[in-house]
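Read off the chains here:
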Amino acid sequence: MKVFAKYIKLSPVAKVVIFAFLTFYSILTLFPLIWLVYNSVKTNNDFLANPFGLPQLSKLQLKNYYDAWVTMGIQRFTINSLIISSVSVIFSLIISSMAAYAIERMIWRSSQKVLNYFLSGIMVPIQIILIPLFINFKKLNLLDSRIGLLIPTVAFALPTSIFILTGFYKTIPRELEEAALLDGCSVYKIFYKIILPLTMPAFVTIAVFNFLGAWNDLLIPLVLIQTPEKMTLPVGLLNFRGMYGAELTKMFAAVVISAIPSIIIYFVLQDKLLKGMIAGAVKG
Amino acid sequence: MKQLEKAFGNKLAIAIFIAPALILFTLVIPLPILHSFYMSLFKWDMLSTMTYVGFENYKELFSDGIFLSSIWHTIEITVLSLIFQVTLGLFLALCIVNITKGRKYFQNAFFIPNILSSAVIGILWFFVYNYDFGLINSILKSIGLDSLQQEWLSQKYVILALSITTCWQWVGYHMILYIAAISGISQDIIEAAIVDGAQGLKMVTKIIIPQIRPVLRVSIVLIITGSLKYFDMAWIMTEGGPDFASETIATYIYRTAFNKLQYGLGSAASTFLFVVSILVTVLINKFAAKREEVY
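The rules behind each value
Residues numbered from 1 in each chain as written. Chains lettered and ligands numbered in written order. Predicted model: local features only at pLDDT ≥ 70, side-chain atom pairs only at ≥ 80, totals over all residues. Heavy atoms only, no water. UniProt positions renumbered as here; feature names shortened; annotations may be inferred. Helix = DSSP H or I, 4+ residues; strand = E, 2+ residues; numbered from the N terminus. Contact = heavy atoms within 4.5 Å. Salt bridge = Lys/Arg side-chain N within 4 Å of Asp/Glu carboxyl O. Polar contact = N/O pair within 3.5 Å; in protein donor to acceptor, adjacent residues only side chain to side chain. 1 Å grid on protein atoms, 1.4 Å probe; cavity = no way out; pocket = protein on both sides within 12 Å on 5 of 7 lines; lining within 4 Å. Points joined across faces, edges and corners; volume = space filled by probe spheres on them. Nonpolar A, V, L, I, M, F, W, Y, C, P; charged D, E, K, R; others polar. Phe/Tyr/Trp six-rings, centres within 6.5 Å; stacked < 30°, edge-to-face > 60°. Buried < 20%, exposed > 50% of the residue type's maximum accessible area, 1.4 Å probe, protein only. Arc of directions from axis to C-beta. Patch = residues over 30% accessible without salt bridge, like charges linked within 9 Å, V, L, I, M, F, W, Y side chains within 5 Å. Areas by Shrake-Rupley, 256 points an atom, 1.4 Å probe, with all protein chains shown as cover. Axes fitted to C-alpha atoms, helices over the stretch in contact; angles between N-to-C directions. Parallel < 35°, antiparallel > 145°, perpendicular 65-115°, else oblique.

Chemist: What's the story with the UniProt feature "transmembrane region" (unreviewed entry) in chain B in this structure? I'm lost.
Modeler: Residues and elements named next belong to chain B. Residues annotated by UniProt as "transmembrane region" (unreviewed entry) correspond here to residues 12-38, 77-97, 109-128, 157-180, 215-237 and 263-284. Overall, residues 157-180 shows 96% helix and 0% strand. The separation of its end C-alpha atoms is 34 Å. Split by type, residues 263-284 is 100% helix and 0% strand. Its first and last C-alpha atoms lie 31 Å apart.

Chemist: Teacher, can you tell me more about the UniProt feature "domain: ABC transmembrane type-1" (unreviewed entry) in chain B here?
Modeler: Here the UniProt-annotated "domain: ABC transmembrane type-1" (unreviewed entry) positions come out as residues 71-284 of chain B. As annotated, residues 71-284 of chain B comprises 76% helix and 0% strand, and the C-alpha atoms at either end are separated by 19 Å.

Chemist: Can you help me understand the UniProt feature "transmembrane region" (unreviewed entry) in chain A in this one?
Modeler: Residue and element names in this part refer to chain A. UniProt annotation of "transmembrane region" (unreviewed entry) refers to residues 12-38, 82-103, 115-135, 147-169, 190-212 and 251-269 when read in the numbering used here. What you have in residues 82-103 is 100% helix and 0% strand, and the ends, taken at the C-alpha atoms, are 31 Å apart. Taken end to end, residues 190-212 comprises 100% helix and 0% strand; its first and last C-alpha atoms sit 31 Å apart.

Chemist: It is not clear to me how the interface of chain A and chain B should be interpreted in this structure. Could you clarify?
Modeler: Quite often, the size of an interface is put as the accessible area lost when its parts meet. Facing 101 residues of chain A, the contacting portion of chain B comprises 108 residues. Connecting chain A to chain B are zero salt bridges. Connecting chain A to chain B are nine residue pairs in polar contact (both at pLDDT 80 or more). In terms of residues, the side of chain A that touches chain B owes the most to one element, helix H13 (residues 248-283) of chain A, which gives 18 residues.

Chemist: Help me understand empty space enclosed by the protein, please; the structure alone is not making it clear to me.
Modeler: Gaps left between atoms show up when a probe the size of a water molecule is rolled over them. Residue and element names in this part refer to chain A. According to the stated counting rule, one finds three cavities of 30 Å³ or more in the structure shown. What lines the second largest cavity is Ser81, Ile84, Ser85, Leu149, Thr153, Ala214, Trp215, Asp217, Pro221, Thr232 and Pro234. Sorting the residues of the lining of the second largest cavity by element identifies helix H5 (74-105), helix H8 (146-170) and helix H10 (187-216) as the ones contributing at least two each. Residue classes in the lining of the second largest cavity are distributed as six nonpolar, four polar and one charged.

Chemist: What am I meant to see in the packing of aromatic side chains here?
Modeler: The relative placement of two aromatic rings is captured by the distance of their centres and the angle of their planes. Here the structure, examined in full by the defined rule, presents 47 aromatic pairs over all chains. Aromatic pair A:Phe19 and B:Phe106: ring centres 5.6 Å apart, planes at 80 degrees, arrangement edge-to-face. Note that A:Phe19 is positioned in helix H2 (residues 12-39) and B:Phe106 in helix H6 (residues 103-115), a pairing that runs across two chains. Judged by relative accessible area, A:Phe19 falls into the partly exposed class, the value being 35%.

Chemist: What's the story with helix H4 (residues 63-71) of chain A in this structure? I'm lost.
Modeler: Residues separated by three or four positions in an α-helix point in the same direction, a consequence of the helix having 3.6 residues per turn. All names here are of chain A. Of all the residues in H4, the buried ones are Asn64, Asp67 and Ala68. Each buried residue of H4 sits inside an arc of 95 degrees when the element is viewed along its axis, so together they form one side. Exposed residues on H4 whose side chains face more than 90 degrees from its buried face are Lys63 and Tyr66. Backbone geometry just downstream of H4 places Gly73 in the positive-phi region, at approximately 90 degrees.

Chemist: Could you clarify how one ought to interpret a nonpolar patch on the surface in this entry?
Modeler: Residue and element names in this part refer to chain B. Among the surface-exposed residues, Ile23, Leu27, Leu31 and Leu34 lie close enough to one another that they form a single nonpolar patch of about 400 Å² accessible area. Residue assignment for the nonpolar patch shows that the elements contributing at least two residues are helix H2 (11-28) and helix H3 (30-39). By the secondary structure assignment, Leu34 is in helix H3.

Chemist: Please clarify how the packing of H5(A) against helix H12 (residues 233-241) of chain A should be interpreted in this entry.
Modeler: Geometrically, a packed helix pair is captured by the angle between its two axes and the distance between the axes. All names here are of chain A. One can describe the packing of H5 onto H12 by two numbers: an axis separation of 8 Å at closest approach and a directional angle of 150 degrees. As far as their axial angle goes, H12 and H5 are roughly antiparallel. Only Leu233, Pro234, Gly236, Leu237 and Phe240 of H12 make contact with H5, whose side of the interface consists of Ile74, Phe77, Thr78 and Ser81.

This is the structure we're talking about:
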């Protein structure tokens, strides 16, 4: 990436103009978030009186955060989201790595066809399958249950995960498996003892990617979950939107709390996340 | 090596490895698509019995003014999203690859909105656009431009407002793809272009854009397919309103099935959306692939 700037010689004036534009646009982009944060510590009346102004330090309302976390129930939604996202990541890693191994490393005739079958799932708009899913889950008593929520979440993570993993498995030299085979390992043992440890870097990328996908998803839980106790963060937040009334700044605090985990994950694991994103998009 | 072929061609092992993914995927994605088409031939509210009506639901769909306008809104959002995100994304990417200082900050600043959930973004921008206390109107007021204050989520502006929010959410994503693509252009090509006297705009139009064409295609496909299933922002900020002014195909499906309990009609709309998605993807890939051969 450094290379490009080295070869294109821009005049100092052009560089300043570009820099100024980027700075201006970055402030424009970040300001709604900054506005959200500083209004989350105002009282409702202060906010309505002056929505643009900074909060007075003497009247900081940190209680908004306590109320959002405890009274509004953001705590419970966060826990629900954590459970669904983590468990769905674990399942999607196990299932997709097994499938990717069979497709890329095992020897059979239809492997590429099966890969294309999975990849075709990337393009399917989720709305299309929601009505049948809702109806069948109702019959199977899976509505309003964590397992019911996990099933489509994992299934929709499979296409991209399998795509990234098959690409990754292509790069592993056959000799490793041959040596293990000569030592008397079975295919299962090779997968478990040799391949899985090698897959860890790819797993981190896919895990971050799928975790954020599940964490941010609105539509599946909106359709499948009905009781507030089981709602995930996005659905729970949406439920409040209708009844904000006199609690606007508490709502701001709730939104800030919901945004924090994603931002932390991004800053800790951004290289992995961007890698997964670019790899996923290349297939698109 | 016979032993190798025997071990890695083990049919049972292949089946064991592939079965969980294959079964789960088939049950959740392809089968429901077929099921959705099947249900589109019936009238059903889940309480009474299903009645077969043939293609009646499709007739009803295409004589429903709200559905027809939802197609139009979806097209508007697609076009606006393409214009905003591709041009701005490309412009930002070109700016960033040309500077050395602060690059990380700018990338993060533009990408951050993309990692937030649409619930967070939708509620935030719902407040930003609010008439009485929203960020935009309060800025306009504080700089004395009171007359420019608007009801941003009104019939007149709602599609534009939603598209701007979506651009805020996604432009950084496309920018990152473009930066990766531009950085991947081989040095030889750039050097040769410089020797040939390509500078500035010429460098962009004659070298960079043709070189990153595959990534541009991916990003255009993603924006179009994303716009076709446009749901989150429209549902969170306006529930398709006011007066259906921001109803999209996806919010129509959701409302018809889960609010009005017209599962047959909703399934017909789903099937329509599926067919359009497939057609659009195939068309873009064909069209873009042909254009690429020229270069």
